[in-house]
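# A look at the structure
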Amino acid sequence: MSVGLEKISREMADHLSGRGVPAVTAFPSAPRKEEARPVAVVSLRGCRAAGSGFQNYLGERYEEETGRWEERYGHRAELTFGLDLYAPERGDGESLQKAFDTLAGVLLLDGPEGMELKELSCGETVRDGESRRLKRPVEGVFTLYLSAAVDAGGAFTDFELRGVVKE
């Protein structure tokens, strides 16, 4: 069974890229091309989950595709993403500052649907000798719900990302 986290780094990278922040996932299966502009490298650094109801029970939902009611179970989760920014080594890091400003604006004003930004932090720009690039470490902590449905036989289907409850 999946817990719905396999594609979440890709979804975050796609969200950022679609809003003007070039982003890729960490640990790609194929070599990437060298970028001439700053890019955010997205990784999932941490996941903490807790029950969100009695025995994680959230209630029932009518599933129109199947024409049946499904019981919903879920966990409130806190995900920590690495959103490290990299840029070509030449220059003074001003492009990384601008990239961070854009990244922060996207996450604060137009973050991924169903994910609530809890914390955003960054370190100072340094030269990364291994990649021969400038690097600014960035982390974002988000709260969200992972939920799953139980089919008629009582078996769980895959978990999926659901929205947070607005407080």
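Residues numbered from 1 in each chain as written. Predicted model: local features only at pLDDT ≥ 70, side-chain atom pairs only at ≥ 80, totals over all residues. Heavy atoms only, no water.

### Describing the nonpolar core
In this structure, Met12, Leu16, Val42, Phe81, Leu83, Leu85 and Leu103 are the most contacted members of the largest nonpolar core, which totals 27 residues. Contributions of two or more residues to this core are made by helix H1 (8-17), strand S2 (39-51), strand S4 (68-88), helix H2 (94-109) and strand S8 (138-150). Those residues in contact with Leu85 that lie beyond four places of it in its chain are Val39, Ala40, Leu96, Ala99, Phe100, Leu103, Leu134, Lys135, Arg136 and Val138. (Core = buried A, V, L, I, M, F, W, Y, C linked by side-chain atoms within 4.5 Å. Buried < 20%, exposed > 50% of the residue type's maximum accessible area, 1.4 Å probe, protein only. Helix = DSSP H or I, 4+ residues; strand = E, 2+ residues; numbered from the N terminus. Contact = heavy atoms within 4.5 Å.)

### As for the side chain of Thr80
Tracing the chain through its elements places Thr80 in strand S4. Judged by relative accessible area, Thr80 falls into the buried class, the value being 16%. When near neighbours in sequence (up to four residues on either side) are disregarded, Thr80 contacts Ser43, Leu44, Arg45, Gly46, Glu139, Gly140 and Val141.

### A word on the pattern of salt bridges
Counted according to the given criterion, the structure contains seven salt bridges. Residue Asp84 is joined to Arg45 by a salt bridge in which the shortest nitrogen-to-oxygen separation is 2.4 Å. Taken as a pair, Asp84 in strand S4 and Arg45 in strand S2 lie far apart in primary sequence, 39 residues in all. Given a relative accessible area of 8%, Asp84 falls into the buried group. Where Glu94 meets Lys98, a salt bridge forms, and the shortest distance between an N and an O atom there is 3.4 Å. Taken together, the positions of Glu94 and Lys98, both in helix H2 and four residues apart, correspond to about one turn of that helix. (Salt bridge = Lys/Arg side-chain N within 4 Å of Asp/Glu carboxyl O.)

### Concerning the pairing of S4
Among the 21 residues of S4, 16 are classified as buried, and the element is accordingly described as predominantly covered. With six bridges joining them, strand S3 (residues 57-63) and S4 adopt antiparallel strand pairing. By the bridge assignment, Tyr62 is partnered in S4 with Trp69. Here S3 hands over to S4 after four residues, with Gly67 in that stretch at a positive phi of 70 degrees. (Pairing = 2+ DSSP bridges.)

### Some remarks on the confidence of the model for the protein
Do not read the predicted coordinates in detail wherever pLDDT is low. With 80% of its residues at a pLDDT of 70 or more, the protein has an overall mean of 82. Per-element confidence in the protein ranges from a low mean pLDDT of 56 for strand S9 (residues 160-162) to a high of 96 for strand S5 (residues 116-122). (pLDDT = per-residue confidence, 0-100.)

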